[in-house]
Amino acid sequence: MHPAPAPRPRPTPYPRPAAGLEVRAVVVGDPGTRDDPEPPVTAVADATDLVVAADAQALAAVTAAAGPAHGDDAEPVPGLRSRRPVSRAPRPPRRRPAWYLAAALVGAVGLGASAAGDHVARADGPEPVSASVSVAEELGIGGSDLSAPAEAATLRSDAVLLGEVTASRTAREAEEAAAAQAQAEADRVAAEAAAAAAAEAARPRTVLPVAGGRLTSTFGPRWGNLHAGIDLAAPMLTPEYAAADGVVLEAGPASGYGNVVYIQHENGDVTVYGHMEQILVQPGQVVRAGDTIALLGNRGQSTGPHLHFEVIVGGPGGQKVDPVPWLQERGLAV
């Protein structure tokens, strides 16, 4: 049984610098020997040296792992024909195209930067997470948890706005109804006031004490005495009216008059009404021209149903005058 053959010795590479690479600016390509007018390519470091250095480091690692290489001082392996090492002349490096060298340089620089960054990241802390994480995920809040309160808040906001609109409309309608009612009340009061003013303007200021009465006796001497008034004959219980606006001074029985009423007017004059069957006013009562104060009769010193009417100028203690001219001055004819 033959022993296992020893591994073949690998050719010793020609010495090349493996460490301490010098970074320098070189011009790749010979512009003097190129036929095309393309300008030379400038690189930051010699890419060929970088590639050679990487090969040397890899070979050294393999050699160290396999043991000492077979050479002049190597111990022969039994059963294996000795073979002299073949010395090969170093082959000059082949010039690579400019674009290849530039790509290799860029890749090497990028690889170094990536390794350095990876080392720093591992030294400083845990490896960063590449995927983006939202604040909601960090807080443990799901999308449904966010959308539900937002939707509820929106619904509440809409409900509040709708309530405000409804309340505003209700308040506005109430205000309009109140304003319309107030306006209607004001119109009614104004209409009543206008009607009252019209009635007051149309109301006479002086009237005859008996409507349709017949003059049966005038003012002057009669039977040896002064008849201080006029007599207006009319059927029994004919209404008797206040001759003008005024206040009732007396109302009741009186000697010779049977029943009597005294009314004082705005200018101070006093009118007297006698012989009535029934008195319808009382002292202190305010009356207006044309108000019914009594019903005609035949009480006292009377020869038939009639009204005895007198006028006292200047008040109760004033002068008695003929009522006919006093009525005519106020537009009334007897």
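Being a predicted model, the structure only gives us computed values, none of them experimental.

1. Digging into the overall build of the protein
Summing up its helical and strand segments, the protein has five helices and 15 strands in all. Counting all 334 residues of the protein, 22% fall into the buried class. Sequence-distant contacts in the protein: of pairs separated by 6 or more residues, those separated by 24 or more amount to 59%.

2. A closer look at the sheet that holds strand S13 (residues 292-295)
The three strands lie next to each other as S7-S13-S11, forming an open sheet whose pairing is antiparallel. Each end of this open sheet is capped by a strand with a single partner; those strands are strand S7 (239-241) and strand S11 (278-279). Relative to S13, S11 runs antiparallel, the two sharing two bridges. From the neighbouring strand, Ile279 faces S13, where its bridge partner is Ala294.

3. Digging into the packing of aromatic side chains
Going through the model one piece at a time under the given rule, you end up with one aromatic pair. Plain terms: the ring middles of Tyr273 and Phe309 are 5.4 Å apart, the flat faces sit at 50° to each other, and that makes the pair tilted. One end of the pair, Tyr273, is in strand S10 (residues 270-274); the other, Phe309, is in strand S14 (residues 306-313), and 36 residues separate them in sequence. Each member of the pair, Tyr273 as well as Phe309, carries the same accessibility label: buried. Directly above the aromatic system of Trp326 lies the positively charged group of Arg330, at a separation of 3.9 Å from the ring centroid.

4. Considerations on the pattern of salt bridges
Side chains carrying opposite charge are able to pair once their charged atoms draw close together. One pass over the structure, following the stated rule, counts eleven salt bridges. A salt bridge links Arg203 to Asp245; its shortest N-O distance comes to 2.9 Å. Of this pair, Arg203 sits in the loop between helix H4 (143-202) and strand S3 (214-217) while Asp245 is found in the loop between S7 and strand S8 (246-254), placing the two residues 42 residues apart along the sequence. Take Arg203 and Asp245: they sit in the same class, and that class is buried. With its nearest N and O atoms 3.6 Å apart, the salt bridge here joins Arg330 to Glu329. A relative accessible area of 30% places Arg330 in the partly exposed class. Residues joined by salt bridges that share partners form a network here, namely Glu200, Arg203, Arg205, Asp245 and Arg288.

5. Considerations on the layout of surface pockets
When its volume is computed, the second largest pocket comes out at roughly 530 Å³. Every residue lining the second largest pocket is counted, 21 residues in all, and those nearest its centre are Arg222, His227, His275, Gln301 and His308. Residue assignment for the lining of the second largest pocket shows that the elements contributing at least two residues are S3, strand S5 (225-227), strand S6 (230-233) and S14. A per-class count over the lining of the second largest pocket returns five nonpolar, twelve polar and four charged.

6. Some details on unusual backbone geometry
With phi around 55°, Trp223 is a residue other than glycine that occupies positive phi space. One non-glycine residue, His275, lies in positive phi territory at about 70°. Inspection of the secondary structure puts His275 in the loop between S10 and S11.

7. Focus on the nonpolar core
Judged by nonpolar contacts, the single largest core of 23 residues is most densely connected at Val261, Ile263, Tyr273, Val287, Ile293 and Phe309. Secondary structure elements with two or more residues in this core: S6, strand S9 (258-265), S13, S14 and helix H5 (323-329). If sequence neighbours within four positions are ignored, Ile293 has contacts with Glu240, Tyr241, Ala242, Val261, Ile263, Tyr273, Ile279, Leu280, Val281 and Val287. In this structure, Val260, Val270, Val272 and Ile312 belong to the second largest nonpolar core, which totals six residues.

8. Notes on the environment of Val270
As for its placement among the helices and strands, Val270 is situated in strand S10. Distance from Val270 to Lys320, taken between C-alpha atoms, is 9.3 Å for residues 50 residues apart in sequence. Beyond its immediate sequence surroundings of up to four residues, Val270 is in contact with Leu249, Tyr262, Ile263, Gln264, Glu310, Val311, Ile312, Gly315 and Pro316.

9. Concerning the confidence of the model for the protein
Averaged over all residues, the pLDDT of the protein equals 75, while 56% of them reach at least 70. Scored below 50 in pLDDT, residues 18-45 makes 30 contacts in the model with residues more than four places away or belonging to other chains.

10. Looking at the pairing of S6
Across the two faces of S6 the burial is the same, with Ile230 and Leu232 and Asp231 and Ala233 all buried. Direction of pairing for S3 relative to S6: antiparallel, over a ladder of three bridges. Note that in S6 the partner of Leu215 across the bridge is Leu232. Here S6 runs beside S14; their pairing, made up of four bridges, is antiparallel. Bridged to Ile230 within S14 is Phe309.

11. Considering the side chain of His306
Relative to the helices and strands, His306 is located in strand S14. Of the residues examined, His306 reaches a relative accessible area of 8% and is grouped as buried. A distance of 2.6 Å separates a polar side-chain atom of His306 from the backbone oxygen of Gly304. Discounting chain neighbours no more than four positions away, the residues touching His306 are Asp231, Leu232, Ala233, Ala234, Gly274, His275, Leu296 and Gly297.

Basis of the calculations
Residues numbered from 1 in each chain as written. Predicted model: local features only at pLDDT ≥ 70, side-chain atom pairs only at ≥ 80, totals over all residues. Heavy atoms only, no water. Helix = DSSP H or I, 4+ residues; strand = E, 2+ residues; numbered from the N terminus. Buried < 20%, exposed > 50% of the residue type's maximum accessible area, 1.4 Å probe, protein only. Contact = heavy atoms within 4.5 Å. Pairing = 2+ DSSP bridges. Phe/Tyr/Trp six-rings, centres within 6.5 Å; stacked < 30°, edge-to-face > 60°. Lys NZ or Arg CZ within 6 Å of the ring centre and 35° of its normal. Salt bridge = Lys/Arg side-chain N within 4 Å of Asp/Glu carboxyl O. 1 Å grid on protein atoms, 1.4 Å probe; cavity = no way out; pocket = protein on both sides within 12 Å on 5 of 7 lines; lining within 4 Å. Points joined across faces, edges and corners; volume = space filled by probe spheres on them. Nonpolar A, V, L, I, M, F, W, Y, C, P; charged D, E, K, R; others polar. Core = buried A, V, L, I, M, F, W, Y, C linked by side-chain atoms within 4.5 Å. pLDDT = per-residue confidence, 0-100. Polar contact = N/O pair within 3.5 Å; in protein donor to acceptor, adjacent residues only side chain to side chain.

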